[in-house]
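A look at the structure
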Amino acid sequence: MIAAGVIIAGTSLLLAGCSSSSSLSGGGSSSPAPKESVVVGSANFSENVILADIYGQALAANGFTVTYKLNIGARAAYIPALESGEVNLIPEYSGSILDFLSQSATANSPSDVKAALDKALPATLKALTPSTAADSDSLNVTPAFAKANNLKSIGDLAKLPSVTLAANPEFQTRPDGIPGLQKIYGLTNLKFQAISDGGGPQTLAALLNNTVQVADIYSTTPSILANKLVTLTDPKSLFASQEVVPIVSTSKDTPKLASVLNKVSAALTTADLLELNTEVSGASKTDPAVAAKNWLAKANLF
Amino acid sequence: MSLIIQAFAWIFNPIHYTTTALGTGIPDALTQHLILTGLSLAVAVVIGVPLGLFIGHTGRGRSVAIIASNAARALPSLGLLALLLVILPIVPWLPSNYLPNIIVFAVLGIPPLLAGAYSGLESVDRQTIDAARAIGMTEWQVLTKVEIPLGAGLLVGGLRSSVLQIIATVTISSLYGQVSLGTYIANGLAQHDYVQMTAGAILVAALALLADGILATIQRFVVPRGVSRGASKKRNTARGRGIAATPGKPIMEGN
């Protein structure tokens, strides 16, 4: 944990050190159309890195000078970097970024989330048009457990005397985490086990060996299909809409940049995300940049 | 500064002393931390001390031991833990996360114990050992009646280093679901609750200092009277081993 803190601190130092290079070409709009430069960043998990690579390659193909600062860390590390202009563009998830910016956010439907997000973002940042591709929190149980207890939706968990749920530590306090499960679904039988890997291999292992019975795993994670996990439905829309949305520095938000990224967002689907994640974190271990390039080629973009 | 004050207020707040379905109280977190530390240390002692005594007594395998224990120290504990949690099966009679955690922290605890044991034995004057053999002591008697008592200061020094490293590192187990004092650090960071995070760090530091204080006292008592003063620089250099280990200080192994 201390190490993680150091990494975050180190990363921000690194970013601070690199900031001067990107601020040089911002104001130029002189006649022979100088190349616009963009610094693309990403969070520290593979799906976000792939999306950043897709954005970056699409922009590079359209004459932008692209610099990458990938794997920056958690929101607490990269949002300040975005606000200060050290990074200009990051792929985000509409509901999560809204929760980060505004603790009291209650919006759930895609359009409400986008509207609330536009309000919550500082003047230096702008959310472009979201894609329909979404990666949201999802509660998963093993097929055997679902069958034995006849579980289909999150509300069905209330039938059990006691159930242990694994998720990232912030799930314990997030409005759409444990407090939401208690309030909206009336689940008073929950125990919580914090596992800090964002629904990754540790969470999966705990679920499969029955240390926990329910696991919060992002909906586009290949392990859900690979292990035939049963995703509990969310009829009361506890989990906010998490559409992939480019967050861009207002200073870099030109019509040209927006049109490139809007084309990407329009083409991207949830199935694509699952496929890209499977390529990168599955058996073939494709490099994120290569997976991004292949997707752009397949989608006939640029 | 106010963060530290708030963290102390957090520590002394009675609501943090009971375990609920969603949160672990300080006594339970401390208990888990101590159980994991104790079990890991026990495994490390069972492996590291006899091996160290063998190397120190016979003089064989010293370079292999140094290379192996330094290599073990280079293993990233967090990576090893993540790997073992996924590949190791659940042991029915142990709580689910214990086996991987104990292996990781035992691997961490062995090198200082090993180094403490062999350098403790090597610190014993060769003439004393020759004298012990000359009066007819068996090898076992030389080891238990001469070498171990005379090397006890460095032996316990190794134990001190080992305990400190394990107590500090058990915190990482909480990243992957194990309850320990590290739970507050992990949760505090993820929940932006830096007061809780600081409180966790203070609790771990306090536990480490307390354990080190107790072991330092033990270390003072296990050294036979006259030995700590008698172990002069002159005799150390006379043996020409160049190990600047001193009874009463923690061992810096691998030097």
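Residues numbered from 1 in each chain as written. Chains lettered and ligands numbered in written order. Predicted model: local features only at pLDDT ≥ 70, side-chain atom pairs only at ≥ 80, totals over all residues. Heavy atoms only, no water.

A few words on the pairing of strand 2 (residues 65-73) of chain A. All names here are of chain A. Taken together, the six bridges between strand 1 (residues 37-43) and strand 2 define a ladder with parallel strand orientation. What sits directly across from Ser37, in strand 2, is Thr65. A crossover links strand 1 with its parallel partner strand 2, the connecting element being helix 2 (residues 46-61), and its sense is right-handed. (Pairing = 2+ DSSP bridges. Helix = DSSP H or I, 4+ residues; strand = E, 2+ residues; numbered from the N terminus. Right-handed = clockwise from strand over helix to strand, strands pointing away.)

Here we come to the sheet that holds strand 7 (residues 190-194) of chain A. Residues and elements named next belong to chain A. Strand order in the open sheet formed by five strands is 7-6-8-5-9, and the pairing between neighbours is mixed. In the strand order of this sheet, the two ends are held by strand 7 and strand 9 (230-231), each with one partner. In this structure, strand 6 (residues 163-167) lies alongside strand 7, joined through five bridges in parallel fashion. Counterpart to Leu165 in the pairing with strand 7 is Phe192. Sitting on the sheet, helix 8 (residues 201-208) touches strand 5 (139-141), strand 6 and strand 8 (214-216), and the angle it makes with strand 8 is about 170°. (Contact = heavy atoms within 4.5 Å. Axes fitted to C-alpha atoms, helices over the stretch in contact; angles between N-to-C directions.)

All names here are of chain B. Together, Leu3, Ile4, Phe8, Phe12, Tyr17 and Tyr194 make up a nonpolar patch on the protein surface, roughly 560 Å² of accessible area in all. Examining the composition of the nonpolar patch, we find that four residues originate from one element, helix 1 (residues 2-12), more than from any other. Inspection of the secondary structure assignment puts Leu3 in helix 1. Residue Leu3 is classed as partly exposed on the basis of its relative accessible area, which comes to 34%. (Patch = residues over 30% accessible without salt bridge, like charges linked within 9 Å, V, L, I, M, F, W, Y side chains within 5 Å. Areas by Shrake-Rupley, 256 points an atom, 1.4 Å probe, with all protein chains shown as cover. Salt bridge = Lys/Arg side-chain N within 4 Å of Asp/Glu carboxyl O. Buried < 20%, exposed > 50% of the residue type's maximum accessible area, 1.4 Å probe, protein only.)

Time to look at the domain arrangement of chain A. Residues and elements named next belong to chain A. According to the domain assignment, chain A contains domain 1 (17-134 + 240-298) and domain 2 (139-231). Centre-to-centre separation of domain 1 and domain 2, based on C-alpha positions: 29 Å. At the interface, eleven residues of domain 1 touch seven residues of domain 2. Carbon and sulfur atoms make up 60% of the area that domain 1 and domain 2 hide from each other, which totals about 670 Å². Counting the contacts that link domain 1 with domain 2 gives zero salt bridges. There are two residue pairs in polar contact (both at pLDDT 80 or more) connecting domain 1 and domain 2. (Domains from an automatic or database assignment. Buried area = accessible area lost by both parts, 1.4 Å probe. Polar contact = N/O pair within 3.5 Å; in protein donor to acceptor, adjacent residues only side chain to side chain.)

At a minimum axis distance of 9 Å, the contact between helix 8 of chain A and helix 4 (residues 77-87) of chain B shows a crossing angle of 30°. By the angle class used here, helix 8 of chain A and helix 4 of chain B are roughly parallel. Note that helix 8 of chain A runs across helix 4 of chain B; the crossing there is left-handed. Here Pro201(A), Gln202(A) and Ala205(A) of helix 8 of chain A lie close against helix 4 of chain B, whose contacting residues are Ala82(B), Leu85(B) and Val86(B). Class assignment of the residues belonging to the contact of helix 8 of chain A with helix 4 of chain B gives a composition of five nonpolar, one polar and no charged. (Parallel < 35°, antiparallel > 145°, perpendicular 65-115°, else oblique. Left-handed = near helix turned anticlockwise from the far one by under 90°. Nonpolar A, V, L, I, M, F, W, Y, C, P; charged D, E, K, R; others polar.)

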